[in-house]
Structure formats: structure tokens, C-alpha cells
Amino acid sequence: MESKNYNCFFQLATDIIGGKWKSMVIWALRKDIKRNGEIKKMIPDISQKMLTQQLRELENAGVVERLVYPIVPPKVEYKLTSAGQKLIPILEQLHDWGREYAKDNNIKITKDPNCVLE
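Values in this document were obtained by computation on a predicted structure and should not be read as measured data.

## Thoughts on the UniProt feature "domain: HTH hxlR-type" (unreviewed entry) in the chain
Stage number 1. In the numbering used here, UniProt assigns the feature "domain: HTH hxlR-type" (unreviewed entry) to residues 8-106.
Stage number 2. End C-alpha atoms of residues 8-106 are separated by 35 Å, and the span's content is 58% helix alongside 14% strand.

## Description of helix α4 (residues 48-60)
Stage number 1. For α4, spanning 13 residues, the distance from its first C-alpha to its last is 18 Å, which sits close to the expected 18 Å at 1.5 Å a residue.
Stage number 2. Among the residues of α4, those classed as buried are Leu51, Gln54, Leu55 and Leu58. The buried residues of α4 occupy an angular sector of 100° when the element is viewed end-on, so they sit on one face. Of the exposed residues in α4, those oriented more than 90 degrees away from the buried face are Lys49, Arg56 and Asn60.
Stage number 3. For α4, the elements touching its buried residues are α1 (9-17), α2 (22-28), α3 (36-42), β2 (64-69) and β3 (75-80).
Stage number 4. Trailing α4 by a residue or two, Gly62 shows a phi angle of about 85°, which is positive.

## Thoughts on the side chain of Arg30
Stage number 1. Here Arg30 lies in the loop between α2 and β1 (34-35).
Stage number 2. Although Arg30 is buried, it forms no salt bridge, and the closest oppositely charged side chain is Glu92 at an N-O distance of 5.5 Å.
Stage number 3. Within the local environment of Arg30, its side chain forms a polar contact with the backbone oxygen of Trp27, the two atoms lying 2.9 Å apart.

## So, a nonpolar patch on the surface
Stage number 1. Together, Leu94, Trp97, Tyr101, Ile107 and Ile109 make up a nonpolar patch on the protein surface, roughly 550 Å² of accessible area in all.
Stage number 2. With respect to the secondary-structure elements, Tyr101 resides in helix α6 (residues 88-104).
Stage number 3. Classification of Tyr101 as partly exposed rests on a relative accessible area of 40%.

## Re unusual backbone geometry
Stage number 1. The step from Val72 to Pro73 runs through a cis peptide bond, and the omega angle for that step is -5°.
Stage number 2. Relative to the assigned elements, Pro73 resides in the loop between β2 and β3.
Stage number 3. Positive phi is not limited to glycine here, since Asn106 has a value of about 55°.
Stage number 4. Tracing the backbone shows Asn106 in the segment after α6.
Stage number 5. We classify Asn106 as exposed; its relative accessible area is 74%.

## Side note on the pairing of β3
Within a regular beta strand, the side chains point alternately toward one face of the sheet and then the other, so they alternate between its two faces.
Stage number 1. Note: β1 against β3, two bridges, orientation antiparallel. Note on β3: the bridge partner recorded for Lys34 is Tyr78.
Stage number 2. Across six bridges, the pairing between β2 and β3 is antiparallel. Pairing of Leu67 across the sheet is with Glu77, part of β3.
Stage number 3. The hairpin formed by β2 and β3 contains five residues between the paired strands.

Rules and cut-offs
- Residues numbered from 1 in each chain as written.
- Predicted model: local features only at pLDDT ≥ 70, side-chain atom pairs only at ≥ 80, totals over all residues.
- Heavy atoms only, no water.
- UniProt positions renumbered as here; feature names shortened; annotations may be inferred.
- Helix = DSSP H or I, 4+ residues; strand = E, 2+ residues; numbered from the N terminus.
- Expected span 1.5 Å × (residues − 1).
- Buried < 20%, exposed > 50% of the residue type's maximum accessible area, 1.4 Å probe, protein only.
- Arc of directions from axis to C-beta.
- Contact = heavy atoms within 4.5 Å.
- Lys, Arg positive; Asp, Glu negative; His and termini not counted.
- Salt bridge = Lys/Arg side-chain N within 4 Å of Asp/Glu carboxyl O.
- Polar contact = N/O pair within 3.5 Å; in protein donor to acceptor, adjacent residues only side chain to side chain.
- Patch = residues over 30% accessible without salt bridge, like charges linked within 9 Å, V, L, I, M, F, W, Y side chains within 5 Å.
- Areas by Shrake-Rupley, 256 points an atom, 1.4 Å probe, with all protein chains shown as cover.
- Pairing = 2+ DSSP bridges.

What follows is the structure in C-alpha cells.
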């Protein structure tokens, strides 16, 4: 990750995982290793270009690890690092907060099998 001056730890954390897609990518990888196409299926609204960019940024930050297998055709998979795994309880709490907020404010959520905690 590039060197940057931060005013507080929250600013650093939101810089690493903030934005529209990064937390969704982390959420998609929360249970196991996935290939690019599997992540794309879990986040259908993200463009391939944006997914690649987000994976690279998360990799540079040390949150996601890119696994390259030396075979033909090339096989690439992604998994959370130990730093990325530490984000899962935080994202689970955010998920639960969203569920409660939707319930309290009568907001309908379309059920998505990729967004279910087991």
C-alpha cells in the first residue's frame, strides 16, 4: 500500500475498505477461496474492470491474496489474508445492523442467497 498521511485510524480503515465495492468483495470471499468469475457472479452489478481494480487495491492493502497456479490455461484464485479475515466480524455486525435498520424502517430487501449468514 502506498504511503499516505492519515489523521486517524478510522480514516485509514475506511480508505482500505471504503467505497461501493470493496466490502462486497471481502464479503464474497468470507467463507472460502474463489475465482474471479465466482466473485463476479456474487456481485452481478460490478463491471469486470471494477472488480479487477478492487481486487488489486485489496491485494495491495494486504487484505486479499492472489493465488496464481502455474498451469495452462492459467488459474488464479483469491482469498482473504489474516488481516482480511479480521474484517469479517465487523462486516457481519454491519450486515446485522442493516437487517435491523430495514426492519425498523419498513425497507424491503430482495433476498439474495449470497447475502445469507449461515
